[in-house]
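Read off the chains here:
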Amino acid sequence: MVGRRAVLSAAAAALLLAGCTNGGHGEDEATQKDTAGKGSGTAGSPTASGSASASPSASSQPYTLAEAAAPKTRAEAEAFVRGLTVQPDYFGTGYRRRDPYELGPTSWAVLGEDCLWRREALPSTVLASLTRLFVRPGTGGTGAVYVSLTVTVHISTRQARRDMASSLDEPLRCPQERLNATDTVQQMTSRGDPFDEQRNATTDDDLTEFGQYVADGAAKPRPFDWYKHRLGPVTVAATVRHAAGESDQEQTTVTSAALTGVGYVTANVDRYGRNRASATPSATSSTEVKGAGDE
């Protein structure tokens, strides 16, 4: 993949790790936020794959997916998200699939006006959204680490941009988010970085969020990290609920490994688009213009 961005650049790592010890959401909210939109195979016959040995070399181009190469129907989009290879060890050693393993692809989560997360049917602007859930069981006096990864296919790049903007606004709209009757998220901070501003180093748009997850009966909040990347009309979101008892260094290690896993998935989405473009002359890539289609 010569000429493409590295899976995880030093700039992206510095941006995200800067907030990794601030605390965060929990397992239920991680699932909800990801499924709400917070990649992939070949349409009709998805076969996208990736591994830790397939990292691309760095360049000035982001990972992206041209709108012309993206799925156009719900059936194509469902095949796309189900065909994406996402291995448990993308996120570090010791991870395995959770039960249930998948959520979606015909529903996602919505943060209501009352700041309560609810699962709802997909709106007309979204074709498919699939969440995969992983866990690293607790060992050595620390609890389990939970990771979720969601790929959402929007009907257009414009709608994906609007979804990113909505996600960025959530902590402002709901300083305290209710996950259910007992668990909440608080002290949330978020940041968005378009690629053309050169702070984001991997995809068309990048969003990160950190806060505190407060579980009913827990002695203290647990850290939570959330990352969301946009590649054309597709968003790739990941959440990490850190283990109880982690040291700051362990939190940093978990965050770094999870970011690397996200990088593998976004590389697979990028690869899907380039394969489609080479197979279909009309599915050519295009350079996004900042602000285009946002009106």
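Okay, so let's go over this structure. In this text the structure is predicted, and so the values were computed from the model without any measurement. (Residues numbered from 1 in each chain as written. Predicted model: local features only at pLDDT ≥ 70, side-chain atom pairs only at ≥ 80, totals over all residues. Heavy atoms only, no water.)

### Quick word on the nonpolar core
Core analysis: the largest hydrophobic core is formed by 38 residues, its most contacted members being Leu65, Phe80, Leu149 and Val151. Within the residue set of this core, elements represented by two or more residues are helix H3 (74-83), strand S4 (126-136), strand S5 (145-154), strand S9 (222-231), strand S10 (234-241) and helix H5 (248-279). Per-element tally for this core: the top contributor is H5, with 9 residues. Judged by nonpolar contacts, the second largest core, of 9 residues, contains Leu111, Trp117, Val185 and Tyr213. (Core = buried A, V, L, I, M, F, W, Y, C linked by side-chain atoms within 4.5 Å. Buried < 20%, exposed > 50% of the residue type's maximum accessible area, 1.4 Å probe, protein only. Helix = DSSP H or I, 4+ residues; strand = E, 2+ residues; numbered from the N terminus.)

### Remarks on the side chain of Ser156
For Ser156, the position within the fold is in the loop between S5 and helix H4 (157-173). A distance of 3.1 Å separates a polar atom in the side chain of Ser156 from the backbone nitrogen of Gln159. Apart from residues no more than four positions distant in its own chain, Ser156 is found in contact with Glu67 and Pro233. (Polar contact = N/O pair within 3.5 Å; in protein donor to acceptor, adjacent residues only side chain to side chain. Contact = heavy atoms within 4.5 Å.)

### Points about the state of the cysteines
Following the criterion strictly, the structure yields 1 disulfide and no others. In this model, Cys115 is linked to Cys174 through a disulfide, with the two sulfur atoms separated by 2.1 Å. On the sign convention where negative is left-handed, the bridge of Cys115 and Cys174, at about -85 degrees about the S-S bond, is left-handed. Within this pair, whereas Cys115 is found in the loop between strand S2 (107-111) and strand S3 (117-121), its partner Cys174 is found in the loop between H4 and strand S6 (176-178), the two being separated by 59 residues in sequence. For the pair shown, Cys115 and Cys174 are each scored as buried. (Disulfide = S-S within 2.5 Å.)

### Topic: the environment of Tyr90
Its location among the elements puts Tyr90 in the loop between H3 and strand S1 (96-103). For Tyr90, a relative accessible area of 4% puts it in the buried group. A sequence separation of 175 residues divides Tyr90 from Val265, and the C-alpha atoms of the two residues are 8.6 Å apart.

### Concerning unusual backbone geometry
Cis geometry marks the peptide bond from Asp99 to Pro100, where omega comes out at 5 degrees. Note that the residue after Gly104, namely Pro105, is joined by a cis bond; omega there is 5 degrees. By the element assignment, Pro105 lies in the loop between S1 and S2. Phi is positive for Cys115, which is not a glycine, with a value near 65 degrees.

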